[in-house]
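# Working through the structure, step by step
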Amino acid sequence: MEQEDKEEFLRFANVKKTYDQKALVVKDFSLDVKQGEFVTLLGPSGSGKTTVLMMLAGFENVTSGSITVAGKPITNTAPYKRNIGMVFQNYALFPHLTVAQNLAYPLTVRKMPKSQIKEKVAQYLKLIELSQFGDRHPGQLSGGQRQRVALARALIFEPTLVLMDEPLGALDKKLREQMQFEITRLHQKLGFTVIYVTHDQVEALTMSSRIAVFNEGVVQQYAPPDDLYERPANAFVANFIGENNLISAQLSKGAGTDTIDASLDCGTPLQARNGNCSTSDTQCIISVRPEKLVIKTDNQPYDNQIAAKFITRHYVGDFIRYYFQLSDGSNITVKTLNDTKAPDFTEGQETVLAWMTNDCFAFSTHSSRDQGE
Ligand code: ADP
Ligand code: MG
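Quick caveat, the model's predicted, so the values are computed rather than measured.

## Overview of the pairing of strand S1 (residues 8-18)
- By the bridge criterion, seven bridges tie S1 to strand S2 (residues 24-34) in an arrangement that is antiparallel. By the bridge assignment, leucine 10 is partnered in S2 with valine 33.
- Between S1 and the antiparallel strand that follows it, S2, lie five residues; glutamine 21 among them carries a positive phi value of about 65°.
- As judged from the five bridges shared by S1 and strand S4 (residues 64-69), these two strands associate in the antiparallel manner. Within the sheet, the bridge partner assigned to lysine 16 lies in S4 and is serine 64.

## Notes on the pattern of salt bridges
- Applying the stated criterion to the full structure yields 10 salt bridges.
- Between arginine 11 and glutamate 8 there is a salt bridge; the shortest N-O distance is 3.2 Å.
- On the accessibility criterion, arginine 11 (34% relative accessible area) is partly exposed.
- Residue glutamate 182 is joined to arginine 185 by a salt bridge in which the shortest nitrogen-to-oxygen separation is 3.0 Å. Pair noted here: glutamate 182 and arginine 185 are both in helix H6 (residues 173-190), with a separation of three residues, about one helical turn.
- By relative accessible area, which is 32% here, arginine 185 ends up partly exposed.
- Shared partners join several salt bridges into a network, and the residues in it are Glu8, Arg11 and Asp32.

## Things to note about the sheet that holds strand S20 (residues 360-364)
- Taken in spatial order, the five strands close into a barrel running S11-S12-S13-S20-S14, and their pairing is mixed. With direction set aside, neighbouring strand axes in the sheet form an average angle of 55°.
- Taken together, the two bridges between strand S13 (residues 269-274) and S20 define a ladder with parallel strand orientation. Across the sheet, the residue bridging to asparagine 274 is alanine 362, located in S20.

## Quick look at the packing of helix H5 (residues 143-155) against H6
- Viewed as axis vectors pointing N to C, H5 and H6 meet at an angle of 20°, and their least axial separation amounts to 11 Å. On the basis of their axis angle, the class for H5 and H6 is roughly parallel. H5 and H6 meet at a crossing whose hand is right-handed. Facing H5, whose interface residues are Gly143, Gly144, Gln147, Arg148, Leu151 and Leu155, H6 presents Leu175, Met179, Glu182, Ile183, Leu186 and Leu190.
- Considering only residue class, the contact of H5 with H6 consists of seven nonpolar, three polar and two charged.

## Quick notes on the nonpolar core
- With 35 residues, the main nonpolar core has Leu103, Val149, Leu151, Met164, Ile183 and Tyr196 as its most contacted residues.
- If you list the elements that add at least two residues to this core, you get helix H3 (99-109), helix H4 (114-127), H5, strand S7 (161-165), H6 and strand S8 (193-198).
- Residue contributions to this core peak at six residues, all from H5.
- In contact with methionine 164, other than residues within four places in its own chain, are Leu53, Val87, Leu151, Ile183, Val194, Ile195, Tyr196 and Val197.
- Formed by 30 residues, the second largest nonpolar core is a distinct cluster that contains Ile260, Phe310, Ile320 and Phe345.

## What to know about the environment of threonine 160
- In this fold, threonine 160 is placed in the loop between H5 and S7.
- Residue threonine 160 is classed as partly exposed on the basis of its relative accessible area, which comes to 42%.

## What to know about the site of ligand 1
- Around ligand 1 sit Tyr19, Val25, Pro44, Ser45, Gly46, Ser47, Gly48, Lys49, Thr50 and Thr51, and that is every residue in its neighbourhood.
- At 2.6 Å from an oxygen atom of ligand 1 is found a main-chain nitrogen or oxygen belonging to glycine 46.
- The side chain of threonine 50 places a nitrogen or oxygen atom 2.8 Å from an oxygen atom of ligand 1.
- When the free accessible area of ligand 1 is taken as 560 Å², the share hidden by the protein chains comes to 56%.
- With three residues, the top contributor of residues to the shell around ligand 1 is helix H2 (residues 49-57).
- Residue composition of the shell around ligand 1, by class: three nonpolar, six polar and one charged.

## Quick word on the environment of threonine 18
- If you trace the backbone, threonine 18 turns up in strand S1.
- When the C-alpha atoms of threonine 18 and serine 66 are compared, they prove to be 15 Å apart, with 48 residues separating the residues in sequence.
- If we skip the residues at most four places from it in the chain, threonine 18 touches Ala23, Leu24 and Thr63.
- Here the side chain of threonine 18 touches aspartate 20 through a polar contact of 3.0 Å, side chain to side chain.

## Notes on unusual backbone geometry
- The backbone of asparagine 14 shows a phi angle near 50°, a positive value even though the residue is not glycine.
- Along the polypeptide, asparagine 14 turns up in strand S1.
- Phi is positive for glutamate 166, close to 45°, though the residue is something other than glycine.

## Observations concerning the sheet that holds S7
- Spatial strand order, S6-S7-S8-S3-S9-S10: six strands in an open sheet with mixed pairing. Unpaired on one side and paired on the other, strand S6 (84-88) and strand S10 (218-223) mark the two borders of the sheet. Neighbouring strand axes in the sheet, compared pairwise and without regard to direction, differ in orientation by 15° on average.
- Examined bridge by bridge, S6 and S7 share five bridges and lie parallel to one another. Looking at S7, one finds that methionine 86 is bridged to leucine 163.
- Where H2 meets the sheet, it contacts strand S3 (38-42), S6, S7, S8 and strand S9 (210-215), and its direction lies at approximately 150° from that of S7.

Parameters and conventions
Residues numbered from 1 in each chain as written. Chains lettered and ligands numbered in written order. Predicted model: local features only at pLDDT ≥ 70, side-chain atom pairs only at ≥ 80, totals over all residues. Heavy atoms only, no water. Pairing = 2+ DSSP bridges. Helix = DSSP H or I, 4+ residues; strand = E, 2+ residues; numbered from the N terminus. Salt bridge = Lys/Arg side-chain N within 4 Å of Asp/Glu carboxyl O. Buried < 20%, exposed > 50% of the residue type's maximum accessible area, 1.4 Å probe, protein only. Axes fitted to C-alpha atoms, helices over the stretch in contact; angles between N-to-C directions. Parallel < 35°, antiparallel > 145°, perpendicular 65-115°, else oblique. Left-handed = near helix turned anticlockwise from the far one by under 90°. Contact = heavy atoms within 4.5 Å. Nonpolar A, V, L, I, M, F, W, Y, C, P; charged D, E, K, R; others polar. Core = buried A, V, L, I, M, F, W, Y, C linked by side-chain atoms within 4.5 Å. Near = heavy atom within 4 Å. Polar contact = N/O pair within 3.5 Å; in protein donor to acceptor, adjacent residues only side chain to side chain. Areas by Shrake-Rupley, 256 points an atom, 1.4 Å probe, with all protein chains shown as cover.

Functional significance is not addressed by these values, which are geometric in nature.
Structural data, given as structure tokens:
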């Protein structure tokens, strides 16, 4: 809600990039970011995320298209004049300088008076809770501490825009979660705008105000985390964000409307919400999340149901994952909470799986955006 009042701050308009004058690694990238937003580019490795950041920072040219910050084109501005803070996976701290000297560096090159630098460094050491570590060298710090220094060094000159490229990739899971808190805390406290890059969807869902799901140089969907999860725009996003059962089906009717009728390849009829099928589609992909499927043990009514053979179940602690097979041989996964109602079956046992139409989408088989309109 709050975002809607804020002005658009950063805009990519139809940005294209080729390194070899042949293949476009960024095909047609358009994105609007509001002041103070935390926007994540999420996509598989090689999808062009780093290239987008490099063009924004000024280390790579754009092949065509424009990038504007606060309404002004920046594509002809030298990198050091863009006043952008950057954090990378490999810290990039100066090993021969102390922590305090590393933090002072961006201020020294900006010719800030010495007394002010001292004050600022003390302030930012406190902010990252490393006040006692100012005299150490980076080699004397843990990975997490080094990354906090790198973060402080990217923020100390108070850039309005901060780019982070997989900054937590080198840290183990616990530390990564701590740093996710740390970064979002600083973002909320200081109010800068973040463009964050990760291939880790949980990280993206946890931290972002909006996520641009990126594949093969094209944004597949740009939306807040809950929208991406609850209302994926196409089969790629449905599969990439969270877990989904994707089952191939024939469309029977309704491809131009909100609810469609389809039949799975095994013959079972069902209803689904129309993800992005059009009247020209005859085939579709049905997607339903494992936690939305119910293993029927009573007569409670559901919109859709299907016979399935139990294969096995895996105990995962807080939940249990069940594997089933449909009559056409396709596999289907169900997740249930690990509570007293979690049923058990013998291998090969016939069961019935059920779900509500509202929890199930039909996507076009050629739905992933690859032209970038
Ligand atoms: P991501 O960050 O999503 O993993 P990148 O932007 O690094 O993706 O890479 C996108 C594509 O561009 C890849 O195919 C990669 O090999 C290619 N690429 C990246 N940087 C260069 C470069 N400096 N020269 C040539 N090709 C590059
Ligand atoms: Mg990258």
